[in-house]
Amino acid sequence: MGNSSDVIIKVDDVCKVFKGKDNQVEALKNISLEIKRGDIFGIIGMSGAGKSTLVRCLNFLERPTSGTVYVDGKDLSSLSDSALRKERLGIAMIFQHFNLLMQRNVIGNVMFPMEIAGVNKRKAKDKAMQLLREVGLEDKALNYPAQLSGGQQQRVAIARALANDPKILLCDEATSALDPTTTKSILALLKEINQKHGITIVIITHSMSVVEEICNKVAIIDGGNLAETGSVENVFSNPQSVAAKKLVFPEGQSSQVASMSSKKCVRIVFSQNSSFEPVVANMVLEFKTPVNILLADTRDIGGIAKGQMILQLPDDKEMADSMIEFLKTRQLEVEVLENYVG
């Protein structure tokens, strides 16, 4: 598991119940997970799954009903209000709608957290310019948020989040209001910040492609429960839970696969070494028997080509077993999906 000092955030059996007049909603149920220092950790789930409540529990903006969160070994539930405020200086946040101060110009927005922390104005201004340079917006220092595009506003929000040298950056759906190209450039910027400053980044999203683009670890939240957690590569290559399978298989395709569940289906995952060989064509030639491709999907995870296919094999058991053996000799991960339900 590695040294416990490697763990920067530890979520310990967190439950969160919201009480209404007539009912109560269990938003989080016994969530436990660990986030290592320097990770880019994705928390993914459908809307209403509880992921935004979870991110607000990470800095105790939302107090868990039971359980607690440790940041750098400190139990947040044991801190006084003033100690908690001090701890939060090291945990910055960026949001879907940027949350900039519209009446302040760009440099004023970036200086704002430093002013609150009592940093000397000259020093704050110099640092704000340096951060704007880092996010590629030094030429917009005197503009107001209303004069900027969504992507530029999010860059200002990132610069502002870095103002007090946080050790953790929480991103709550930070790219969901942006178009795909802008999303890509913001994710690239976050990756750069993670590498340059060693900041641990937690990304809350409903988009699998965001997780694939920059995260190294992922937790899948489903109906307030932690459905699955692990490295992005493992969860993508071999999803265990129904929630993970729904996210990994594009919509509609899992039910298409499920309808074939009475037949013998296999899922093959290509790795860097195997994706360039026409494996399926070679297999069909070898066995002189066609197979049905139910799903073919390739993605780029961390710069490495990854792909998966779901094949429906012949009904003849001996033939199907021989084909599975053939696939296994080709450096492929092979998962038999006879009872697969999407």
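Up top is the structure.
This write-up is about the structure you can find in this document. Worth saying up front: this structure is predicted, and the values here are computed from it rather than measured. Each chain carries its own residue numbering, running from 1 in the direction its sequence is written. Note on the predicted model: pLDDT of at least 70 is required for a residue's local features to be given, and 80 or more for side-chain atom pairs to be given and counted; whole-chain, interface and lining totals, by contrast, use all residues. As a rule here, side-chain values cover all heavy atoms of the structure and leave hydrogens and water aside.

**Looking at helix α6 (residues 180–197)**
Put simply, the test is: Secondary structure is summarised from DSSP: a helix means a run of H or I of at least four residues, a strand means a run of E of at least two, and numbering begins at the N terminus for each. Helix span, expected: 1.5 Å multiplied by one less than the number of residues in the helix. In this scheme, a residue with accessible area under 20% of its type's maximum is buried, one over 50% is exposed, and one in between is partly exposed, where area comes from a 1.4 Å probe on protein chains only. The arc in question is the one traced by the directions running from the helix axis out to the C-beta atoms. Polar contacts, as used here, are pairs of N or O atoms within 3.5 Å; protein pairs need one atom able to donate a hydrogen and one able to accept it. Residues neighboring in sequence count only if both atoms are side-chain atoms.
Over its 18 residues, α6 runs 26 Å from end to end, which matches the ideal 26 Å to within 8%, given 1.5 Å per residue. Residues of α6 that are buried include every one of Thr-182, Thr-183, Ile-186, Leu-187, Leu-189, Leu-190, Ile-193 and Asn-194, and no others. Take α6 and look down its axis: the buried residues cluster within an arc of 155°, on one side only. The exposed set on the far side of α6, more than 90 degrees from its buried face, consists of Pro-180, Thr-181, Gln-195 and Lys-196. Structurally, the start of α6 carries an N-cap: the backbone nitrogen of Thr-181 is 3.0 Å from a side-chain oxygen of Asp-179. One or two steps after α6, the chain reaches Gly-198, where phi turns positive at roughly 70°.

**Looking at the pairing of strand β11 (residues 265–270)**
Heads up, the rule is: Pairing between strands requires that DSSP locate at least two bridges from one strand to the other.
Extensive coverage of β11 is indicated by the burial of 6 of its 6 residues. Here β11 shows no split at all, with Cys-265, Arg-267 and Val-269 on one side and Val-266, Ile-268 and Phe-270 on the other all buried. Pairing of β11 with strand β14 (residues 333–336) involves 4 bridges; the strand directions are antiparallel. The residue bridging Arg-267 from the neighbouring strand is Glu-335, located in β14.

**Remarks on unusual backbone geometry**
Here the phi dihedral of Phe-60 falls at roughly 60°; this positive angle occurs in a residue that is not glycine. By secondary structure assignment, the location of Phe-60 is in the loop between α1 (51–58) and β4 (66–71). Overall, Phe-60 belongs to the buried group, its relative accessible area being 4%. The phi dihedral of Asp-165 falls on the positive side, at around 50°, and the residue is not glycine. Locating Asp-165 in the fold gives a position in the loop between α5 (150–161) and β7 (168–172).

**As for the packing of aromatic side chains**
Our working rule: Ring pairs are drawn from Phe, Tyr and Trp, using the six-membered ring of Trp, whenever the two centres fall within 6.5 Å, and their geometry is named by plane angle: stacked under 30 degrees, edge-to-face over 60, tilted for the rest.
Scanning the entire structure with this criterion turns up 1 aromatic pair. Both rings, one in Phe-287 and one in Phe-326, keep their centres 5.9 Å apart while their planes meet at 80°; by these two values the pair is edge-to-face. Here Phe-287, found in helix α11 (residues 279–287), pairs with Phe-326, found in helix α12 (residues 317–328); they are 39 residues apart in sequence, far enough to count as distant. Side by side, Phe-287 and Phe-326 carry an identical accessibility label, which is buried.

**A look at α5**
Heads up, the condition is: Contacts are assigned to residue pairs that have any heavy atoms within 4.5 Å of one another.
Here α5 contains 12 residues, and its C-alpha end-to-end distance of 16 Å stays within 8% of the 16 Å for a straight helix at 1.5 Å per residue. By the criterion of burial, α5 is predominantly enclosed, with 10 of the 12 residues buried. Listed as buried for α5 are Gly-151, Gln-153, Gln-154, Arg-155, Val-156, Ala-157, Ile-158, Ala-159, Arg-160 and Ala-161. Along its buried surface, α5 packs onto β6 (91–95), α3 (106–116), α4 (121–134), β7 and α6.

**Remarks on the pattern of salt bridges**
To keep it simple, the criterion reads: Basic side-chain nitrogens of Lys or Arg form a salt bridge, by our definition, when they fall within 4 Å of a carboxyl oxygen of Asp or Glu.
Inspection of every chain in the model, using the stated rule, returns 15 salt bridges. For Lys-51, the salt bridge goes to Glu-173, with nearest N and O atoms at 3.8 Å. Here Lys-51 is found in helix α1, whereas its partner Glu-173 is found in the loop between β7 and α6, with 122 residues between them in sequence. Overall, the relative accessible area of 5% leaves Lys-51 in the buried class. Among the ionic pairs, Asp-165 bridges to Lys-127, the shortest N-O distance being 2.8 Å. Taken together, the positions of Asp-165 in the loop between α5 and β7 and Lys-127 in helix α4 put the pair 38 residues apart, joining distant regions of the chain. The exposure class assigned to Asp-165 is exposed, which follows from its relative accessible area of 57%. Salt bridges linked by common partners bring Arg-37, Asp-72, Lys-74, Glu-87 and Lys-167 together as one network.

**A word on the environment of Glu-286**
Structurally, Glu-286 can be placed in helix α11. Along the backbone, Glu-286 and Met-323 are 37 residues apart, and their C-alpha atoms lie at a distance of 9.3 Å.

All we've got here are geometric facts, nothing functional implied.
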